[in-house]
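Commentary on secondary and tertiary structure
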Amino acid sequence: MIERVATRTMIERAARQICHGGVVAFPTETVYGLGADALNGAAVERIFEIKGRPRHDPLIVHVATMGQLEVLASRVPPAARELAARFWPGPLTLVLTRAPIVPDVVTAGLSTVALRMPDHRLALALIRAADRPIAAPSANPFGMVSPVTADHVRRQLGDRVDMILDGGPCRVGIESTIIALDGESPVLLRQGGISMERIEAVLGPIELAGGSDERPRAPGRLPRHYAPQTRLALREPGQPPPPGLRVGLIALRRQPGQDDGFVEVEELSAAGDLDRAAARLYHAIRRLDQLGLDLIMAELVPETGIGRGINDRLRRAAVPAQNPPSGADP
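This report concerns the structure included in the present document. Think of each chain on its own: its residues are numbered from 1, step by step along the sequence as written. Given that this is a predicted model, residues contribute local features only at a pLDDT of at least 70 and side-chain atom pairs are listed and counted only at 80 or more, while totals for whole chains, interfaces and linings are drawn from all residues. Calculation of side-chain values draws on the structure's entire complement of heavy atoms; hydrogens and water are dropped beforehand.

1. Some remarks on helix H9 (residues 274-289)
- Taking 1.5 Å of rise per residue, the 16 residues of H9 would be expected to cover 22 Å, and the 22 Å separating its terminal C-alpha atoms lies within 8% of that figure.
- Accessible area is worked out with a 1.4 Å probe on protein chains only. A residue is then buried under 20% of its type maximum, exposed over 50%, and partly exposed in between. Under the scheme used here, helices are H or I runs from DSSP no shorter than 4 residues and strands are E runs no shorter than 2 residues, and both carry numbers assigned from the N terminus. Among the residues making up H9, those that are buried are Leu274, Ala277, Ala278, Ala279, Arg280, Leu281, Tyr282, Ala284, Ile285, Arg286 and Leu288.
- By definition in these notes, contact holds between two residues if any of their heavy atoms fall within 4.5 Å. Elements that come into contact with the buried residues of H9 comprise helix H7 (150-157), strand E13 (247-251), strand E14 (264-267), strand E15 (295-298) and helix H10 (307-317).
- Put simply, Asp273 is the residue that caps the front of H9, since its side-chain oxygen is 2.9 Å from the backbone nitrogen of Asp275. By this rule the span expected of a helix is its residue count minus one, scaled by 1.5 Å. The term polar contact refers here to a pair of N or O atoms within 3.5 Å; inside protein, the definition further demands a hydrogen-donor-capable atom paired with an acceptor-capable atom, and it admits residues adjacent in sequence only when both atoms are side-chain atoms.

And the structure:
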């Protein structure tokens, strides 16, 4: 069931679903999440089943208070408190040493847990009404394009979800930045809604993890992610589309003659605004994916600010599938 007007009654109904082991799709400022009680291992197992997600890929746990963070993490270093004070609620996930209360299924058996406080009134209202932390990856089949509207969730997951709360389009549009704070120095594991530059303004220089993990320390670390059904390839400036194919193009801005030979062009921001481009990215990929094209070509954006997160999504979406798509992950 999809609730298009999220009243207090509907939020309370969704919270009851969570409390009784249900799975609820709900909006955040980044993408829609597929949520279950983070302390109920059986409920979290349903997330993996619905998404077709591998069990070795850990989940992010969403909290509404610093008190919940203290319960879920056995150690909260000063750097974590500084970042939470500056960026929470917001699109920043902190990877900390886990507390024993967190089930293994949530963390993929790792000694750490990924935590964030979403900057969306419905997400926070749901967590507070349920009075428990909510584990939630993106509400889509594993490996596929993340949903940024409730309709995207409905189209991809349908009645496999107990309830969908509709909070309108997601404001940020790409997933959270993830930073690990369980070691001697901070490590940036995933680029996202909070730029590396903004984090370094708080902590000073930070280490950037390598591109992918075979056994991921956090979500979004597998080589192929965020992929449409249509093959996606990166485009060099001025590169023409392959002859004889119906090809769509994703570009930050249209350039004179740029769209020659392309069936459709998705411009992310006419003004070159990277925040706007991030908010439109998954909409653009989805629209082109529905046109029956042979190929989608995408141009990288400037490697600065949230542009790093956009480029990370495009690079992973362009990794060739080794097997026919079975679903994907955010």
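Structure's up, so let's keep going.
2. A look at a nonpolar patch on the surface
- Nonpolar side chains collect at one region of the surface, where Leu39, Val71 and Ile101 lie side by side and expose about 240 Å² of accessible area between them.
- Tracing the sequence through the fold places Val71 in helix H3 (residues 66-72).
- The partly exposed category is assigned to Val71, whose relative accessible area is 46%. Each patch is assembled from residues with relative accessible area greater than 30% and no salt bridge, linking like charges that lie within 9 Å and nonpolar side chains (Val, Leu, Ile, Met, Phe, Trp, Tyr) that lie within 5 Å. Per-residue accessibility takes into account occlusion by the displayed protein chains alone, with areas from the Shrake-Rupley method and a 1.4 Å probe. We count a salt bridge whenever a side-chain nitrogen from Lys or Arg sits within 4 Å of a carboxyl oxygen from Asp or Glu.

3. Quick word on the packing of aromatic side chains
- Stacked, tilted and edge-to-face are the three classes applied to pairs of Phe, Tyr and Trp rings, where Trp contributes its six-membered ring and a pair requires centres within 6.5 Å; stacked means planes under 30 degrees apart, edge-to-face means over 60, and tilted covers the rest. As enumerated under the stated definition, the model contains one aromatic pair in all.
- With 6.4 Å between their ring centres and 20° between their planes, Tyr226 and Tyr282 make a pair best called stacked. Of this pair, Tyr226 sits in the loop between strand E11 (207-208) and strand E12 (232-234) while Tyr282 sits in helix H9; the two residues are 56 residues apart in sequence, bridging distant segments of the chain. The residues Tyr226 and Tyr282 share a single accessibility class, namely buried.

4. Considerations on the environment of Pro240
- Mapped onto the elements, Pro240 comes out in the loop between E12 and E13.
- Residue Pro240 is classed as exposed on the basis of its relative accessible area, which comes to 55%.
- In the structure, Pro240 is positioned 20 residues away from Asp260 in sequence and 7.8 Å away in space, judged by C-alpha atoms.
- Once residues within four sequence positions are removed from consideration, Pro240 is found in contact with Arg235 and Met297.

5. Some remarks on the pairing of strand E3 (residues 33-37)
- Most of E3 is tucked away, with five of its five residues classed as buried.
- When DSSP locates at least two bridges between a pair of strands, those strands are taken to pair. With three bridges joining them, strand E2 (residues 24-26) and E3 adopt antiparallel strand pairing. When the sheet's bridge partners are listed, Val24 is paired in E3 with Gly35.
- Hairpin connection between E2 and E3: a loop of six residues separates the two successive antiparallel strands.
- As judged from the two bridges shared by E3 and strand E7 (residues 134-135), these two strands associate in the antiparallel manner. Counterpart to Ala36 in the pairing with E7 is Ala135.

6. Remarks on the pattern of salt bridges
- Using the criterion set out here, one finds 20 salt bridges in the structure.
- Taking the shortest distance from any N to any O, the salt bridge between Arg155 and Asp151 comes out at 2.6 Å. Remark: Asp151 and Arg155 occur in helix H7; sequence separation between them is four residues, near one turn of the helix.
- With a relative accessible area of 58%, Arg155 lands in the exposed category.
- One continuous salt-bridge network, built from bridges that share partners, spans Glu175, Asp312, Arg313 and Arg316.

Interpretation note: all reported values are geometric properties and have no functional meaning in isolation.
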